[in-house]
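Remarks on the overall topology
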Amino acid sequence: MVCTETVLNYLSSSYRIYDIQNGQIVSVTDPTALTALNANATTFLPYHENPICSTLGIQDGSFLRLNTVTLGYTLPKNLTTKVGIGKLRIYGSIYNALTFTKYPGLDPE
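Residues numbered from 1 in each chain as written. Predicted model: local features only at pLDDT ≥ 70, side-chain atom pairs only at ≥ 80, totals over all residues. Heavy atoms only, no water.

1. Considerations on the overall build of the protein chain
Summing up its helical and strand segments, the protein chain has 3 helices and 4 strands in all. Beginning at the N terminus, the succession of helices and strands in the protein chain can be written as α-β-β-α-β-α-β. A buried classification covers 8% of the 109 residues belonging to the protein chain. Counting only contacts in the protein chain whose residues sit at least 6 apart along the sequence, the fraction spanning at least 24 positions is 57%. As displayed, the protein chain offers around 9,500 Å² of accessible surface, 60% of which is attributable to carbon and sulfur atoms. (Helix = DSSP H or I, 4+ residues; strand = E, 2+ residues; numbered from the N terminus. Buried < 20%, exposed > 50% of the residue type's maximum accessible area, 1.4 Å probe, protein only. Contact = heavy atoms within 4.5 Å. Areas by Shrake-Rupley, 256 points an atom, 1.4 Å probe, with all protein chains shown as cover.)

2. Some thoughts on the pattern of salt bridges
All told, the structure shown has 2 salt bridges when counted by the stated rule. Linking Asp 107 and Arg 65 is a salt bridge whose minimum nitrogen-to-oxygen distance equals 2.7 Å. Residue Asp 107 is found in the segment after strand S4 (89-101), and its partner Arg 65 is found in strand S3 (residues 63-74); the two are separated by 42 residues along the sequence. What makes Asp 107 partly exposed here is its relative accessible area of 40%. Of the charged contacts in the structure, one is a salt bridge between Glu 109 and Arg 65, with a shortest N-O distance of 2.9 Å. In this pair, Glu 109 sits in the segment after S4 while Arg 65 sits in strand S3, placing the two residues 44 residues apart along the sequence. Beyond isolated ion pairs, a larger network of salt bridges with shared partners links Arg 65, Asp 107 and Glu 109. (Salt bridge = Lys/Arg side-chain N within 4 Å of Asp/Glu carboxyl O.)

3. Some thoughts on the environment of Thr 81
Position of Thr 81 among the secondary structure elements: in helix H3 (residues 77-83). At 2.9 Å, the side chain of Thr 81 forms a polar contact with the backbone oxygen of Lys 77. There is a polar contact of 3.5 Å between the side chain of Thr 81 and the backbone oxygen of Asn 78. (Polar contact = N/O pair within 3.5 Å; in protein donor to acceptor, adjacent residues only side chain to side chain.)

4. Points about the environment of Tyr 18
Take Tyr 18: it is sitting in strand S1 (residues 18-21). The spatial distance from the C-alpha of Tyr 18 to the C-alpha of Leu 34 is 8.9 Å, given a sequence separation of 16 residues.

5. So, the environment of Arg 65
In this structure the C-alpha to C-alpha distance between Arg 65 and Thr 99, which are 34 residues apart in sequence, comes to 4.4 Å. If we skip the residues at most four places from it in the chain, Arg 65 touches Asn 96, Leu 98, Thr 99, Asp 107, Pro 108 and Glu 109. Only 3.0 Å separates the side chain of Arg 65 from the side chain of Thr 99, close enough to count as a polar contact. One polar contact links Arg 65 to Glu 109, side chain to side chain, over a distance of 2.9 Å.

6. Some details on a nonpolar patch on the surface
Residues Val 7, Leu 8, Tyr 10, Leu 11 and Phe 44 make up a contiguous nonpolar surface patch of about 480 Å² in total accessible area. Its location among the elements puts Leu 11 in helix H1 (residues 2-12). (Patch = residues over 30% accessible without salt bridge, like charges linked within 9 Å, V, L, I, M, F, W, Y side chains within 5 Å.)

7. Quick notes on the side chain of Asn 38
The topology assignment puts Asn 38 in the loop between helix H2 (31-37) and S3. The class of Asn 38 is buried, set by a relative accessible area of 9%. Excluding its chain neighbours within four sequence positions, the residues that come into contact with Asn 38 are Ser 14, Tyr 15 and Arg 16.

Okay, here's the thing in structure tokens:
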């Protein structure tokens, strides 16, 4: 109840574009009537009357990624037997090796 009263008190001093006339909500479009309706308004309109949907912030984030590359090499037996080793295999891995994208940011994912 206290929260509702606080919100209603806040909204009572905000700019208005609607008025209640004969129990009905009526849009006020006349500049003189709007000036009179908002003579004591101290706060901006707390909602958008005509929200605008825009695609300006949407970008193509499609990408092709070579995520993991693992390479291994087994040393020849003639080299490993000289050192006293039967078999020796060396591995190396690369993560996020390549990413193909037109996305201008750091990571399209």
